Amino acid sequence: MKTTPGPVTRFHNLDSKSEWTIAEADEIYQVSRWGEGYFSINEKGDLTVTPNRTQNGPVINMMEVVEEMKNKGIAFPAVIRFHDILRSQVALLNKTFRALIEEANYRGSYSGVYPIKVNQMREVVEEIVDAGAPYNYGLEAGSKPELIAALAMNTNQNSLTVVNGYKDRDLLRLALLGIQLGRKVIVVVEKYSELTDLMQLSQEIGVEPLIGLRAKIATKSSGKWASSGGDYAKFGLTITEILQAVRYMKSIDKLHCVKLFHFHIGSQIPDLRTIKDSINEGARIYAKLYKEGAKLEYFDVGGGVGVNYDGTRSNSPSSINYTTRDYVADVVYILKQVCDLEDVPHPNIVSESGRAITAHHSCVITNVFGALEIGANTNFNTDKVVSENILVSNMRELSNDLTEKNYQDVYNDATKLKEESISAFKFGILSLEERAKLETIYWAICKRIVTHASKDEYAPDEILQLKSQMASQYLCNFSVFQSAPDTWAIGQILPALPIHKLNERPTELCTLIDITCDSDGKLDTFLSADGPTNTMPLHKLTGEDYYIGLFMTGAYQDIMGDNHNCFGRLNEVHIFADDDDPTDFYIEEVIFGNKASTVLSSLQYNPETMAQTLKATIDTQVKRGKIRPREGVDLTDFYEACLKSYTYLKK
Ligand SMILES: *Cc1c(COP(=O)(O)O)cnc(C)c1O
């Protein structure tokens with residue numbers, strides 16, 4: 001489902017004569033707003049990354065990373081991961097909880113878990129586990145394969161492994177296996193029958209489980225994941241079921257196994273008020289259950305902490321109106337207040353933030369391949385000829401009449417004339433040559449109208465619409481469906497901008513199109529200082545390399561992308577900061593993306609057989625004398641080389 005693109009906004013005057021500054025580039029692309037101190041623009045006009053956000057710490061120039069990748073022969077599009085950003089985000093969340101717990105004299109501790117569904121890539125999970133070790137930061141799994149991974153990755157006996165999602169007997173058995181390994185694996189009951197299944201299994205094998213109860217709380221979020229909360233949510237127990245669960249566990253004398261209370265009201269929660277409400281409601285439920293005899297040790301507030309994709313720091317669906325500290329302060333203080341009022345112990349706090357931990361750490365760099373521009377081919381001869389059709393002559397006259405003052409009238413007349421010309425063409429009155437002339441003149445008129453309108457503060461909406469319709473479409477070497485699925489599926493805005501040339505004024509209004517054969521394969525909603533807009537200013541293409549970065553793709557995008565049109569996974573590099581290196585970084589790992597043969601194999605093709613079939617056909621053509629033998633060998637080699645090559649366009 002594609003949501004409608006952003007409204008037309010009155011745009012920066014792109015052909016202003018004043019001197020261009022880096023501050024203006026920052027204003028257009030809002031880097032310092034969404035960048036959260038990780039991203040900025042240097043005086044050379046390159047995008048830089050400050051992965052530790054420390055003064056005098058390493059600063060990595062994205063273009064130096066790109067240069068090094070080029071030297072290593074790594075083709076674009078490519079994913080760049082900054083492992084230090086992951087580490088910084090893990091530290092930020094854990095340190096903030098510790099600080100506020102101390103400040104508030106809260107008597108429980110914090111043991112967060114990273115939900116691996118947000119980005120299950122082994123290197124990502126490993127880095128998070130490693131950075132989280134000092135804080136006993138654990139993992140959350142939501143499926144059997146994820147728990148299989150979590151059991152192998154989370155070897156710290158003091159950190160939690162929380163298991164959410166629907167469960168079969170094997171998944172429950174795996175969780176109990178974790179207990180047998182000495183790990184703190186907590187099975188969160190999403191559905192009542194899971195509890196009875198679990199207790200039966202536990203009795204069969206003689207291992208006591210650690211149990212969490214997930215509640216469908218009444219507090220609902222706004223934004224794109226609102227349906228995760230409320231009575232009709234997909235997961236969790238109703239209040240009635242929770243009470244029944246507690247009474248059942250009491251009746252079999254196992255209530256001591258119930259350790260954790262859980263809720264999760266959806267992802268990317270835009271408004272802090274929703275979070276406050278949910279903590280309040282959850283805390284009351286926890287307190288009442290405690291008084292029912294369930295001596296719960298953990299209070300799990302789920303995930304949902306959003307990120308500021310569009311830089312507005314508002315409660316818009318692509319933003320959040322709070323900081324990490326605001327969020328943590330509300331969790332700690334509200335929980336403390338309710339527990340004190342209810343006179344129950346302060347539970348240990350668990351949270352399951354995924355998006356907020358991983359979104360910033362990775363980006364996709366694509367190279368622009370070319371542009372589609374309506375009416376760009378202006379060297380078509382439109383000169384007047386004898387006995388020319390009157391419609392063409394009229395269009396030429398309109399072109400001669402156009403001024404800064406009358407552009408609206410000319411636009412109306414020219415558009416009407418163009419419509420009439422189509423009818424005339426269908427009646428056979430207008431020749432192909434004449435139609436081409438008329439349309440060439442029409443688009444040239446429109447271009448001039450747009451230029452006039454850019455200088456006019458009161459330009460009518462219709463003309464602003466024309467301006468964005470005539471925007472150049474920059475053809476980018478990537479697939480939206482592989483690298484930014486949420487922009488297509490739910491209209492999420494992701495920051496996009498050139499990673500160099502930011503010291504030059506961008507002169508072209510553009511949208512971005514990808515290389516899939518799908519008209520939805522495009523980016524046409526961008527952030528701006530005035531809210532979402534449907535075009536973005538970019539630099540004129542000169543034939544030199546031009547790189548556009550798509551940022552904050554580390555949460556979900558990386559992992560949910562698909563192989564539409566057989567475009568497979570991207571090449572990727574893992575960057576580590578290194579203060580002792582002249583460039584402040586080194587490439588720690590290169591992971592090559594899918595080859596054509598890999599993608600085809602996953603769809604049941606057999607690349608070897610295909611190559612053999614092709615070779616056999618070429619041999620037949622050689623025998624028939626249609627292809628020369630030497631050429632036949634080259635063609636066979638070429639087909640095989642293509643099978644082994646990257647799925648994206650080669651430069
Ligand atoms: C998806 C999910 C999360 C992670 O949510 P974020 O919005 O990425 O923080 C946490 N807990 C549960 C139960 C989830 O399903």
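Residues numbered from 1 in each chain as written. Predicted model: local features only at pLDDT ≥ 70, side-chain atom pairs only at ≥ 80, totals over all residues. Heavy atoms only, no water.

## Looking at the sheet that holds strand β8 (residues 184–189)
- As summarised here, the arrangement of the eight strands in space is β5-β6-β7-β8-β9-β10-β11-β12, forming an open sheet in which the pairing is parallel. Whereas interior strands pair on both sides, the edge strands pair on one side only; in this sheet they are β5 (113–115) and β12 (348–350). Within this sheet the neighbouring strands show an average axis-to-axis angle of 25 degrees, counted without direction.
- Bridge count for β5 against strand β6 (residues 138–141) is three bridges, and the pairing is parallel. Paired with Pro115 across the strands is Glu140, a residue of β6. (Pairing = 2+ DSSP bridges. Helix = DSSP H or I, 4+ residues; strand = E, 2+ residues; numbered from the N terminus. Axes fitted to C-alpha atoms, helices over the stretch in contact; angles between N-to-C directions.)

## Side note on the domain arrangement of the chain
- Taken as a whole, the chain is organised into domain 1 (12–32 + 44–50 + 60–77 + 362–373 + 470–593), domain 2 (83–353), domain 3 (390–467) and domain 4 (597–643).
- Computed from C-alpha coordinates alone, the two centres of domain 3 and domain 4 are separated by 51 Å. (Domains from an automatic or database assignment.)

## With respect to the pattern of salt bridges
- All told, the structure shown has 36 salt bridges when counted by the stated rule.
- Taking the shortest distance from any N to any O, the salt bridge between Glu123 and Arg122 comes out at 3.6 Å.
- Residue class for Arg122 comes out partly exposed when judged on its relative accessible area of 47%.
- Several salt bridges share partner residues, and in doing so they unite Glu67, Lys70, Asp545 and Lys651 into one network. (Salt bridge = Lys/Arg side-chain N within 4 Å of Asp/Glu carboxyl O. Buried < 20%, exposed > 50% of the residue type's maximum accessible area, 1.4 Å probe, protein only.)

## Some remarks on the nonpolar core
- In this structure, Met62, Ile80, Tyr114, Ile211, Phe261, Leu512 and Phe551 are the most contacted members of the largest nonpolar core, which totals 160 residues.
- Structurally, this core is a two-domain feature, drawing no fewer than three residues from each of domain 1 (12–32 + 44–50 + 60–77 + 362–373 + 470–593) and domain 2 (83–353).
- With 26 residues, the next largest nonpolar core counts Leu391, Met395, Ile445 and Ala453 among its residues. (Core = buried A, V, L, I, M, F, W, Y, C linked by side-chain atoms within 4.5 Å.)

## Digging into the site of the ligand
- Every one of the 17 residues lining the ligand counts as a neighbour, but Lys117, Ser267, Glu352, Gly354 and Tyr556 are closest to it.
- Between the ligand and Lys117 there is a distance of 2.7 Å, counted from an oxygen atom to a side-chain nitrogen or oxygen.
- Within the contact set of the ligand, an oxygen atom lies 3.0 Å away from a backbone nitrogen or oxygen of Gly304.
- Because more than half of its atoms lie within 2 Å of the grid, the ligand is assigned to the largest pocket.
- Looking at the shell around the ligand residue by residue, the class counts come to three nonpolar, nine polar and five charged. (Near = heavy atom within 4 Å. Polar contact = N/O pair within 3.5 Å; in protein donor to acceptor, adjacent residues only side chain to side chain. 1 Å grid on protein atoms, 1.4 Å probe; cavity = no way out; pocket = protein on both sides within 12 Å on 5 of 7 lines; lining within 4 Å. Sits in = over half its atoms within 2 Å of the grid points. Nonpolar A, V, L, I, M, F, W, Y, C, P; charged D, E, K, R; others polar.)

## Description of helix α8 (residues 192–205)
- With 14 residues, α8 should reach 20 Å at 1.5 Å per residue; the first-to-last C-alpha distance of 21 Å fits that figure.
- Those residues of α8 that fall on the buried side of the exposure criterion are Glu194, Leu195, Leu198, Met199, Leu201 and Ser202. In an axial view of α8, the angular spread of the buried residues amounts to 165 degrees, which keeps them on one side of the axis.
- Along its buried surface, α8 packs onto α7 (169–180), β8, β9 (210–214) and α9 (239–251).
- At the exit of α8 stands Gly206, carrying a positive phi of roughly 70 degrees. (Expected span 1.5 Å × (residues − 1). Arc of directions from axis to C-beta. Contact = heavy atoms within 4.5 Å.)

## A short note on the layout of surface pockets
- Roughly 550 Å³ of volume is contained in the largest pocket.
- What lines the largest pocket is a set of 28 residues, and nearest its centre among them are Lys117, Arg214, Phe235, His264 and Tyr556.
- Looking at the lining of the largest pocket residue by residue, the class counts come to eight nonpolar, eleven polar and nine charged.
- Split by domain, the residues of the lining of the largest pocket number at least three in each of domain 1 (12–32 + 44–50 + 60–77 + 362–373 + 470–593) and domain 2 (83–353). (Points joined across faces, edges and corners; volume = space filled by probe spheres on them.)

## Quick notes on the pairing of strand β13 (residues 362–372)
- With eight of its eleven residues buried, β13 lies for the most part within the structure.
- Here strand β4 (residues 78–82) runs beside β13; their pairing, made up of four bridges, is antiparallel. By the bridge assignment, Arg81 is partnered in β13 with Ser362.
- Across four bridges, β13 lies against strand β19 (residues 547–550) in antiparallel orientation. What sits directly across from Thr366, in β19, is Ile548.

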